[in-house]
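Results of the structural survey
Here's the letter readout for the chains.
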Amino acid sequence: MIVFDRLWETMKEKEVTQYKLIKKYGISPAQITRLKKNENINTHTINMLCELLDCRVEDIMEYKKEDEKED
């Protein structure tokens, strides 16, 4: 399962809020909700987040086996 826990850490480090993603960068609230729930998003969104946050893919997401996700 892909999880986006690292996204929130990277956003905090870069001082980018969810509000800023929505209002300044045009990310839809529905996309934010999908990210919070670790649901599917497309590569365009991943690319956009990496550009906005000036980071690498591994700074916003990681793969965890299903039995590890509860840790």
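This report concerns the structure included in the present document. (Residues numbered from 1 in each chain as written. Predicted model: local features only at pLDDT ≥ 70, side-chain atom pairs only at ≥ 80, totals over all residues. Heavy atoms only, no water.)

By secondary structure assignment, the location of glutamate 39 is in the loop between α3 (29-36) and α4 (43-53). Using a relative accessible area of 37% as the deciding quantity, one classes glutamate 39 as partly exposed. With 36 residues separating them along the chain, glutamate 39 and valine 3 place their C-alpha atoms 8.2 Å apart. Sequence-distant contacts of glutamate 39, defined by excluding residues within four places in its chain, comprise Phe4 and Arg34. (Helix = DSSP H or I, 4+ residues; strand = E, 2+ residues; numbered from the N terminus. Buried < 20%, exposed > 50% of the residue type's maximum accessible area, 1.4 Å probe, protein only. Contact = heavy atoms within 4.5 Å.)

Looking now at the nonpolar core. By size, the foremost hydrophobic cluster in this structure holds 16 residues, and its most contacted members are Leu7, Leu21, Leu49, Leu53 and Ile60. Those elements giving two or more residues to this core turn out to be α1 (5-14), α3 and α4. With four residues, α4 is the single largest residue contributor to this core. Residues in contact with leucine 7, not counting those within four places in the same chain, are Leu35, Leu49, Leu53, Asp59 and Ile60. (Core = buried A, V, L, I, M, F, W, Y, C linked by side-chain atoms within 4.5 Å.)

Per the stated rule, a full pass over the model turns up four salt bridges. Arginine 6 is the salt-bridge partner of glutamate 62, the closest N and O atoms lying 3.2 Å from each other. With glutamate 62 in strand β2 (residues 62-63) and arginine 6 in helix α1, the pair connects residues that are 56 residues apart, well separated along the chain. By relative accessible area, arginine 6 is classed as partly exposed at 31%. (Salt bridge = Lys/Arg side-chain N within 4 Å of Asp/Glu carboxyl O.)

The next thing to look at is α3. Every buried residue belonging to α3 is among Gln31, Ile32 and Leu35, and all of these are buried. Along the axis of α3, the buried residues cluster in a sector spanning 100°; they form a single face. Buried residues belonging to α3 abut α1, α2 (18-23) and α4. Trailing α3 by a residue or two, asparagine 38 shows a phi angle of about 55°, which is positive. (Arc of directions from axis to C-beta.)

This brings us to unusual backbone geometry. The backbone of asparagine 38 sits at a positive phi, close to 55°, despite the residue not being glycine. With respect to the helices and strands, asparagine 38 occurs in the loop between α3 and α4.

Leu7, Thr10 and Met11 are the residues of α1 that are buried. The arc that holds every buried residue of α1, seen down its axis, measures 100°, which confines them to one face. Exposed residues lying more than 90 degrees from the buried face of α1 are Lys12 and Glu13. In this fold, the buried residues of α1 make contact with α2, α3 and α4. Count one or two residues on from α1 and you reach glutamate 15, which has phi positive near 60°.

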